[in-house]
Amino acid sequence: MHGYRELLGSDFDGRPTDDIDDVIYDAFESPRHRTRVPGLVALMNDPGAPEIERFLACMVLTTWGEAAGYEAVIRAAADPERTPWYGFSVDRKFSVDSTFSQLAVAVDSSRHLIEEKGTAALRGRAFRALVQIADSQYFEDRLGELIDIATVRGALGDIKDVVGRGVRSLAEGEKQRFDLATQLVDLACAVAPVDGALSVELAMGVLHVSASPRTVDHAVTIVFRAEGPEVRQFGEYLLTVGDASVRAEVREALGRAE
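Moving on, we come to a negative patch on the surface. A contiguous patch of negative charge, built from Asp-19, Asp-21, Asp-22, Asp-26 and Glu-29, is present on the exposed surface. Judged by relative accessible area, which is 37%, Asp-21 ranks as partly exposed.

Between helix α5 (residues 67-78) and helix α8 (residues 120-131), the least distance of the axes is 9 Å, while the angle of their chain directions is 20 degrees. By the angle class used here, α5 and α8 are roughly parallel. The chirality of how α5 crosses α8 is left-handed. When α5 is examined against α8, the residues Ala-67, Tyr-70, Glu-71, Val-73, Ile-74 and Ala-77 are found in contact with a partner set consisting of Leu-122, Arg-123, Arg-125, Ala-126, Ala-129 and Leu-130. Here the contact of α5 with α8 is composed, by residue class, of 9 nonpolar, no polar and 3 charged.

On to the environment of Ala-126. Along the polypeptide, Ala-126 turns up in helix α8. For the pair Ala-126 and Ser-110, spaced 16 residues apart in sequence, the C-alpha separation works out to 11 Å. Beyond its immediate stretch of four places on either side in the chain, Ala-126 contacts Tyr-70, Val-73, Ile-74 and Val-107.

Let us now look at unusual backbone geometry. Excluding glycine, residues mostly have negative phi values, and the peptide bonds linking residues are mostly trans. The phi torsion at Ser-95 lies on the positive side, around 55 degrees, for a residue other than glycine. In this structure, Ser-95 sits in the loop between α5 and α6 (99-109). Despite not being glycine, Asp-141 shows a phi value in the positive range, around 65 degrees. Note on Asp-141: relative accessible area 31%, which makes it partly exposed.

Let us look at the pattern of salt bridges. Following the criterion strictly, the structure yields 15 salt bridges and no others. In this structure, Asp-13 engages Arg-15 in a salt bridge whose closest nitrogen and oxygen atoms are separated by 3.3 Å. Two residues, Glu-140 and Arg-142, come together in a salt bridge whose shortest N-O distance is 3.8 Å. Judged by relative accessible area, Arg-142 falls into the partly exposed class, the value being 31%. Salt bridges sharing partners connect three or more residues here, namely Asp-11, Asp-13, Arg-15 and Arg-32.

The end-to-end C-alpha separation of α8 is 17 Å, in line with the 16 Å expected for 12 residues at 1.5 Å each. Within α8, burial applies to Leu-122, Arg-123, Gly-124, Ala-126, Phe-127, Ala-129, Leu-130 and Val-131. Those residues of α8 that are buried are in contact with α5, α6, α7 (114-117), α9 (143-146), α10 (149-171) and α11 (180-191).

Counting residues in each nonpolar core, the largest one holds 88 residues, and the members touching the most others are Trp-64, Leu-143 and Phe-234. Here the element with the most residues in this core is α11; it accounts for 9 residues. Setting aside anything within four residues of it in sequence, one finds Phe-234 in contact with Val-200, Ala-203, Met-204, Leu-207, Ala-219, Ile-222 and Val-223.

Let us now look at the packing of aromatic side chains. A full pass over the atoms with the stated rule returns 8 aromatic pairs. Taking the centre distance of 6.4 Å and the plane angle of 55 degrees together, the rings of Tyr-86 and Phe-100 count as tilted. Of this pair, Tyr-86 sits in the loop between α5 and α6 while Phe-100 is found in helix α6, placing the two residues 14 residues apart along the sequence. Every member of this aromatic cluster is reached through a ring pair, and the members are Phe-55, Trp-85 and Phe-88.

Quick notes on the rules
- Residues numbered from 1 in each chain as written.
- Predicted model: local features only at pLDDT ≥ 70, side-chain atom pairs only at ≥ 80, totals over all residues.
- Heavy atoms only, no water.
- Patch = residues over 30% accessible without salt bridge, like charges linked within 9 Å, V, L, I, M, F, W, Y side chains within 5 Å.
- Areas by Shrake-Rupley, 256 points an atom, 1.4 Å probe, with all protein chains shown as cover.
- Salt bridge = Lys/Arg side-chain N within 4 Å of Asp/Glu carboxyl O.
- Lys, Arg positive; Asp, Glu negative; His and termini not counted.
- Charge placed at Lys NZ, Arg CZ, Asp CG, Glu CD.
- Buried < 20%, exposed > 50% of the residue type's maximum accessible area, 1.4 Å probe, protein only.
- Axes fitted to C-alpha atoms, helices over the stretch in contact; angles between N-to-C directions.
- Helix = DSSP H or I, 4+ residues; strand = E, 2+ residues; numbered from the N terminus.
- Parallel < 35°, antiparallel > 145°, perpendicular 65-115°, else oblique.
- Left-handed = near helix turned anticlockwise from the far one by under 90°.
- Contact = heavy atoms within 4.5 Å.
- Nonpolar A, V, L, I, M, F, W, Y, C, P; charged D, E, K, R; others polar.
- Expected span 1.5 Å × (residues − 1).
- Core = buried A, V, L, I, M, F, W, Y, C linked by side-chain atoms within 4.5 Å.
- Phe/Tyr/Trp six-rings, centres within 6.5 Å; stacked < 30°, edge-to-face > 60°.

Limitation: the analysis is restricted to geometry and does not speak to function.
Pasting the structure below:
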């Protein structure tokens, strides 16, 4: 079995590199990355390998649109805190695990190779698995921005479910490890280009129980992304609860819709 240095510490010409991005993103141009897939799968699944190496192997496989990467993401989302690498990467602001946000970026980046690999359906399943844990795991403001429209359409039920669970948690006063309200609003924003009315409904559900300045600011995105009477009414609501910056952004968004 190839070691980490050979798999991820050298480019496709065999030259040593300390920048793993040289390996990850060169794969978009070089089919030679396929020769490393078996070794990366073995590394990712090796219980004796360092956690960081297993995680990076998963990141790379996922970015390359490989089925093994997506399947590992789905397994991790099924039982997050028992994932081998859980907690090795920690967000500085909230001091919580940040590996799932990085996996979300990998799933997003893999769009470049899914047609070639024939793994578009698995990519959708991986995104849905991540959405399903967005009420308990931190995504660093990324998840809502990363989900493309086609994936959102397939994940509307999951988004409604997870926002509903999150709103109940907020309403019951459960202790939150990160800014859950804003993360839920970000998911509502992802829905906006697909279903503006539903996006507003989801966001209002959150804002009714938790409307911090940050959460309200993120909600403005809905007014930029969608149109319709519900969206305009939502914009007018934000004008009444937002600060000067929010009001300026809402007026700009409403003006563009006229």
